[in-house]
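Per-entry structural report
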Amino acid sequence: MKRILVTGAAGQIGSELIVALRQRYGGNNVIACGHRTMPDRKILDSGPFESFDVRDSSAVTDVVSKYEVDIIYHLAGILSATGEAKPQLAWDININGLSNVLETARQHGCAVFFPSSIASFGPSTPQVNTPQETIQRPQSIYGISKVSGELLCDYYYHRFGVDSRGLRFPGLISYETLPGGGTTDYAVEIFYAALRGKKYTSFLQKGTRLDMMYMPDAIRAAIAVMEADPGRLIIRNAFNITAMSFAPEDLCAEIQKFIPDFTMDYKVDPVRQAIADSWPNNMDDSAARMQWGWQPEYDLPAMTKDMIEKLSCKLGR
Ligand code: SER
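Here the structure is a predicted model, which is why all the values come from computation and not from measurement. (Residues numbered from 1 in each chain as written. Predicted model: local features only at pLDDT ≥ 70, side-chain atom pairs only at ≥ 80, totals over all residues. Heavy atoms only, no water.)

A few words on the packing of aromatic side chains. Applying the stated criterion across every chain yields a total of nine aromatic pairs. Both rings, one in Phe-113 and one in Phe-169, keep their centres 6.3 Å apart while their planes meet at 50 degrees; by these two values the pair is tilted. Remark: Phe-169 occurs in strand β7 (residues 164–169) and Phe-113 occurs in strand β5 (residues 111–117); sequence separation between them is 56 residues. Accessibility expressed as a relative area gives 1% for Phe-113, which makes it buried. Arranged with centres 5.9 Å apart and planes meeting at 90 degrees, the rings of Tyr-155 and Phe-160 form a pair that is edge-to-face. For Tyr-155, a relative accessible area of 42% gives the class partly exposed. Taking the relative accessible area as the measure of exposure, Phe-160 reaches 33% and is therefore partly exposed. The structure contains a cluster of three or more aromatic residues connected by ring pairs, namely Tyr-73, Phe-113 and Phe-169. (Phe/Tyr/Trp six-rings, centres within 6.5 Å; stacked < 30°, edge-to-face > 60°. Helix = DSSP H or I, 4+ residues; strand = E, 2+ residues; numbered from the N terminus. Buried < 20%, exposed > 50% of the residue type's maximum accessible area, 1.4 Å probe, protein only.)

The next thing to look at is the pattern of salt bridges. Applying the stated rule across the entire model yields 19 salt bridges. Here Asp-45 ties to Arg-41 by a salt bridge, and the two come within 2.9 Å at their closest N and O atoms. One salt bridge in this structure joins Arg-55 and Asp-92, with 3.0 Å as the shortest N-O distance. Of this pair, Arg-55 sits in the loop between β3 (49–51) and α3 (57–67) while Asp-92 sits in helix α5 (residues 87–108); the two residues are 37 residues apart in sequence, bridging distant segments of the chain. Judged by its relative accessible area of 27%, Arg-55 falls in the partly exposed class. The class for Asp-92 is partly exposed, based on a relative accessible area of 25%. Residues participating in the shared-partner salt-bridge network are Asp-53, Arg-55 and Asp-92. (Salt bridge = Lys/Arg side-chain N within 4 Å of Asp/Glu carboxyl O.)

Near the ligand the following residues occur: Leu-79, Ser-80, Ser-117, Tyr-142, Gly-182, Thr-183, Thr-184 and Trp-279. Interatomic distance of 2.6 Å between a side-chain N/O atom of Ser-80 and an oxygen atom of the ligand. For the ligand, the protein covers 92% of the area, taking 230 Å² as the surface of the free molecule. For the shell around the ligand, the class distribution of residues is three nonpolar, five polar and no charged. (Near = heavy atom within 4 Å. Polar contact = N/O pair within 3.5 Å; in protein donor to acceptor, adjacent residues only side chain to side chain. Areas by Shrake-Rupley, 256 points an atom, 1.4 Å probe, with all protein chains shown as cover. Nonpolar A, V, L, I, M, F, W, Y, C, P; charged D, E, K, R; others polar.)

Looking now at the packing of helix α1 (residues 14–25) against helix α8 (residues 215–227). One way to put it is that α1 packs onto α8 with a least axis distance of 10 Å and a crossing angle of 50 degrees. Taken together, the axes of α1 and α8 lie oblique to each other. Where α1 crosses over α8, the handedness of that crossing is right-handed. Taken together, the residues of α8 that come into contact with α1 (itself represented by Glu-16, Leu-17, Ala-20, Leu-21, Arg-24 and Tyr-25) are Met-215, Ile-219, Ala-222, Ile-223 and Glu-227. A breakdown of the residues in the contact of α1 with α8 according to their chemical character gives eight nonpolar, no polar and three charged. (Axes fitted to C-alpha atoms, helices over the stretch in contact; angles between N-to-C directions. Parallel < 35°, antiparallel > 145°, perpendicular 65-115°, else oblique. Left-handed = near helix turned anticlockwise from the far one by under 90°. Contact = heavy atoms within 4.5 Å.)

It is worth spelling out the sheet that holds strand β10 (residues 210–214) at this point. Pairing is mixed across the open sheet formed by three strands, whose spatial order is β8-β10-β12. Pairing within the sheet leaves two strands with one partner each, and these edge strands are β8 (171–173) and β12 (244–246). For this sheet, the mean inter-axis angle between neighbouring strands, taken without regard to orientation, is 40 degrees. Where β8 and β10 come together, three bridges link them in parallel fashion. (Pairing = 2+ DSSP bridges.)

Take a look at the structure:
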């Protein structure tokens, strides 16, 4: 059985990916790794946990050696809005952390999963049906770290044969763990506000369309791309994937079908609005569909229904 290490264990993706991987590969074969924020009990009680900073290269290597790791899901990173507040920190964690992971993978023969993002595109990228191969000149430090990460993963594959694979995730919507520090966070916050009986004030303006995905689809995609037949992968790294595309008012209208008196207004955050304006409206994910069978299960109505059901239980509503 493969041994898998996941960095960013307390994060939005990590907290759910670890649970799914442990169900599939066995609890003791999936090593959860965090740093400052401890993951919740569900993670701590279901398999090994290690605490280290991904910027510490010897700590990364020690844990990979200790558990004889085969695959590293490297999820630790700083998101777009926090990145603009702390650009040097974002570069340090996002780039030096990835570099340490890839170098350890080279030395120990591990495969690497790297989460890229819609943020790897910029204002000169075509925003509608954004192609797999296109102009990538992002202006946020987070986006710059994501394009650099895509290239570094490709470099380690071509130069050293490291089996690096990755996805360009859209905004991810989930009820387990809050995202924290991203531009697409409104699409999660809005559900908490709606269920707590409050109106929501969107920090993105009306008409800001972005690609989005419900977390169960994102988890399936991350596992599927790493299990895909390498012979079918032409790109390997940074596949566009999407499941739905909407603007704040579309999500509000969908929520109102379940909570009719829910209301939303707008107070635009110029930093996050500028970032969102530079990202695609909807990506073309046909390469992922063709090369490893990507197919989302949740569209906007299905995601909204499930989010409201699950979050109502969680919040005791
Ligand atoms: N959800 C991320 C963010 O908003 C994009 O990858 O920063």
